[in-house]
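Structure at a glance
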Amino acid sequence: MSFEEVDQGGYVVLAPEGKFNLVAAPPVKARIDDLVAQGKANIVVDLHAIDFIDSSGLGALIGGLKAARQQGGDLRIAAAGPQVKAVLKLTNLDRILAPYETVEEARHDW
Amino acid sequence: MTGDESAGDNDYTLEGFAVPDELDSVHQLLAQVAAEHPELDPMDVMLFETAVIEIANNVVEYGRPEGAVRWKFTIRVRAEQIEAELDDTGQTFVPETGKTMPGEEAEGGRGLPLAEALLDQIEFSRLGETNHWRLVRRLGQIPQS
C-alpha cells in the first residue's frame, strides 16, 4: 500500500490507494499513530483512490480515530466510494465515521 | 495464480496458500467473474466480494499451521444467486456465527458479522481434514439508500 500525505498545517491529509485490507491496514494505522504522536491529531483520510475496504481497514480507521481524539484531535474520512459507504452503513460506523464528500468539507472547521 | 473455468461453464476456481499476499488473487478472481458476467449488478458483486474476503481473512489470520494452510475457492454464478465455496486445510474450529455487530469503538470483531450481513446463506462444515464454507448471496436485493 502506498499513500500520499500532505501536511496542511492545521491538518494532515492521508490518501491511501487500492485495497484498504488486511495487508494495508497496519501501515496506515502506524502512520496515523506517528502523526498523532507528533501532535498532528487532525487528520483527513481521503479515500477517493480506495476501491475496497474490509473490516481490517475499518479497524485501522476506528483505531486512528480513537488515537486522534485522545490527543484532542479528530479523524475524518472523505470521498468514500460506494463499497466503502455500504460497509460503513452495515457496520453502523457511518455515524462515528461520517463520510464527507470532499476533503474540503471534512476539514471545514480546522 | 489465476482463476480458471475448468470445473464447469460457470465455475471459477483458485487454489493456493492462505497467506496475505494471495488475497489479491481472490480479488482478481471476483474481477474476472464480474468482467465475464456483465449482467450482474456491480454492487452485488462488490458486496459478495466483501463477504468472501472477510471469510478469506479469517482463514489467513487464524488458519494453522500459519503460512502452510492451502485453500481452494470455487465461485459460481447462477440465475438468482452468486455462490462461493471455500475449502481450507487449516485446523478444525467452530466459527462464532450469529454474533451481533461490535460497538462503534471496537477495532476488531466485525469480519464475520459483516459477512453474515452481506450473505443470504453462510454454512460451515468440517469434511475430513478440510474446513468447508459455502457462501450465497441472492442477486438483485440491494436496498435503496
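All of the points below concern the structure found in this document. (Residues numbered from 1 in each chain as written. Chains lettered and ligands numbered in written order. Predicted model: local features only at pLDDT ≥ 70, side-chain atom pairs only at ≥ 80, totals over all residues.)

Description of the packing of helix H1 (residues 25-37) of chain A against helix H2 (residues 55-70) of chain A
Pairs of packed helices are described in terms of their axes, by the angle between the two and the distance that separates them. All names here are of chain A. Two elements in contact, H1 and H2, have axes separated by 9 Å at closest approach and are oriented at 10 degrees. Relative to H2, H1 is oriented roughly parallel. Seen from H1, the contacting residues are Ala25, Val28, Lys29, Ile32, Asp33 and Val36; seen from H2, they are Ser56, Gly57, Gly59, Ala60, Gly63, Gly64, Ala67 and Ala68. Here the residues of the contact of H1 with H2 sort into seven nonpolar, five polar and two charged. (Axes fitted to C-alpha atoms, helices over the stretch in contact; angles between N-to-C directions. Helix = DSSP H or I, 4+ residues; strand = E, 2+ residues; numbered from the N terminus. Parallel < 35°, antiparallel > 145°, perpendicular 65-115°, else oblique. Contact = placed C-beta atoms within 7 Å. Nonpolar A, V, L, I, M, F, W, Y, C, P; charged D, E, K, R; others polar.)

Regarding the sheet that holds strand E2 (residues 12-16) of chain A
Residue and element names in this part refer to chain A. What the five strands build is an open sheet, ordered E1-E2-E4-E6-E7; its pairing is mixed. Each end of this open sheet is capped by a strand with a single partner; those strands are strand E1 (3-7) and strand E7 (99-100). Sheet topology places strand E6 (residues 74-78) next to E7; two bridges connect them, and they run parallel. By the bridge assignment for E7, Ile77 is matched with Pro99. Contacting E1, E2, strand E4 (42-46) and E6, H1 crosses the sheet at an angle of about 170 degrees to E2. Packing against the sheet, H2 makes contact with E4 and E6, and its axis sits at approximately 140 degrees to E6. (Pairing = 2+ DSSP bridges.)

Describing H2 of chain A
All names here are of chain A. With 16 residues, H2 should cover 22 Å at 1.5 Å per step; its first-to-last C-alpha distance of 22 Å lies within 8% of that length. Buried residues dominate H2, accounting for 12 of its 16 residues. Every buried residue of H2 is listed here: Ser55, Ser56, Gly57, Leu58, Gly59, Ala60, Leu61, Ile62, Gly63, Gly64, Leu65 and Ala68. A positive backbone phi angle near 80 degrees is found at Gly72, which sits one or two residues after H2. (Expected span 1.5 Å × (residues − 1). Buried ≥ 20, exposed ≤ 12 C-beta atoms within 10 Å, placed from the backbone.)

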